[in-house]
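Examination of the molecular architecture
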Amino acid sequence: MERKASGQKQMFLLMINMFIAMLGIGLIIPVLPEFLKEFGAGGKTAGYLVAAFGLTQFIFSPIAGELSDKYGRKIMIVSGLLLFTISNLIFAMAEQISLLYVSRLIGGISAAAMIPAMLAYVADITTEEKRGKGLGLLGASMSLGFAIGPGIGGFLAELGLRAPFYVSAMVGVLATVGSLLFVPESLSKEAQQTSRQATVKRENIFRQFGKSFRASYFVWLILIFSLTFGLANFEAIFPLFVDQKHHYTPMNISIIITVGALGGTLIQGIFIGRLINRFGERALINWTFLLSAVSMVLLLLSGNFIYVLIVTVLFFALTSIMRPAINTLLSKSAGDEQGFVAGMNNAYMSLGNIFGPAVAGTLFDVHINAPYLLGAVILLFSLYLSMSRGRVPKKIALAD
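By the naming in an unreviewed UniProt entry, the protein goes by MFS transporter and is assigned to Paenibacillus hodogayensis. Its UniProt record gives the protein the following Subcellular location (unreviewed entry) comment, quoted word for word: "Cell membrane". In its Sequence similarities (unreviewed entry) section, the UniProt entry covering the protein states "Belongs to the major facilitator superfamily. TCR/Tet family."

Relative to the helices and strands, Gln-192 resides in helix 8 (residues 189-196). At 2.9 Å, the side chain of Gln-192 forms a polar contact with the backbone oxygen of Leu-187. If we skip the residues at most four places from it in the chain, Gln-192 touches Asp-69, Lys-70, Tyr-71, Gly-72, Glu-185 and Leu-187.

So, about a nonpolar patch on the surface. Judged by side-chain polarity, Val-173, Val-177, Leu-180, Leu-181 and Phe-182 come together as a nonpolar surface patch covering roughly 490 Å² of accessible area. With respect to the helices and strands, the residue Phe-182 is situated in helix 7 (residues 163-182). Take Phe-182: its relative accessible area is 56%, and that puts it in the exposed class.

Glancing now at the environment of Gly-54. If you trace the backbone, Gly-54 turns up in helix 3 (residues 43-71). Residue classification places Gly-54 among the buried positions, given a relative accessible area of 0%. Along the primary structure Gly-54 and Tyr-348 are separated by 294 residues, whereas in three dimensions their C-alpha atoms are 9.8 Å apart. If we skip the residues at most four places from it in the chain, Gly-54 touches Ser-350, Asn-353 and Ile-354.

The rules behind these values
Residues numbered from 1 in each chain as written. Predicted model: local features only at pLDDT ≥ 70, side-chain atom pairs only at ≥ 80, totals over all residues. Heavy atoms only, no water. UniProt positions renumbered as here; feature names shortened; annotations may be inferred. Helix = DSSP H or I, 4+ residues; strand = E, 2+ residues; numbered from the N terminus. Polar contact = N/O pair within 3.5 Å; in protein donor to acceptor, adjacent residues only side chain to side chain. Contact = heavy atoms within 4.5 Å. Patch = residues over 30% accessible without salt bridge, like charges linked within 9 Å, V, L, I, M, F, W, Y side chains within 5 Å. Areas by Shrake-Rupley, 256 points an atom, 1.4 Å probe, with all protein chains shown as cover. Salt bridge = Lys/Arg side-chain N within 4 Å of Asp/Glu carboxyl O. Buried < 20%, exposed > 50% of the residue type's maximum accessible area, 1.4 Å probe, protein only.

Structure, rendered in structure tokens:
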């Protein structure tokens, strides 16, 4: 009973700090179109800024996953939050485009440090049966912070376009201090020592990818990439899309993102565990890929505010179900390599964050609807891949 209470406390503290970090990210979304206009920048720059984030996230994710196995989850979480704070402060103070890129490159390193450690943290403190629920709760805290952030950012924009960025840096400080003081280490000293004493040298990124290609869970990593690619198409360009096509204000954008993300939060926090137990991960993955592709196409059919709001809520809800379902299958198949698999999970996700926004930004300047049409095609291909090639490893089937 004491161990169960301790695990619940750890989960709660982890969720609080993840919420604060995502709140800082969400704050800046409504003001980004107007902010970029100060630099004379458009869709391509917006896409490349997100891609810069994904680039360093990709490079450092496998390293960070291994470091979390060797030195613990906490130090990586705290380090990631500190870098997140620095990244936002640079963005707030930037006067040249080059500094915006520096900020996003540092932000990618911060995500590489935080996310694998947090995923592995959940695996440390949950049983296999409860892992889907644990990952869903962590995702819910991410979504809630992301949901509330844009709403606050829309109001802060009235004080100036840079105000949300300064506030984002401030909440990063809160999350850093909170994690340092209140989040306990989840990985035992013995496990850390065993990992540090391992005689096998760390393989370079290409060998690690080669190892993942041969793994039973490879198809789930591919789906993480395609999910992130499609999601990046939606999120990276959405503020510019509705600003240029429908002339939405920062407040309009903040309302849509807030309500959409809140819908995803409710599903992750309340229903994801039940949905996984009722339908299974594979069924959820297949249906959410199909319906999320449909919702991307629906977004192009009308500029009515209520219509766009409903479609956005649908899209966020579907991706909120999809990611924990895929992460659960990955975690179940990871065995004692939770850090490595979490790192590769983040690496594939960062690849999606590199190519998705870069392609979307380039296509946006060619035709305003093109990023969403491409995103729909990618998601439909993912559905095909999941249905025709995805196979649940035997040990996962037995565990279920």
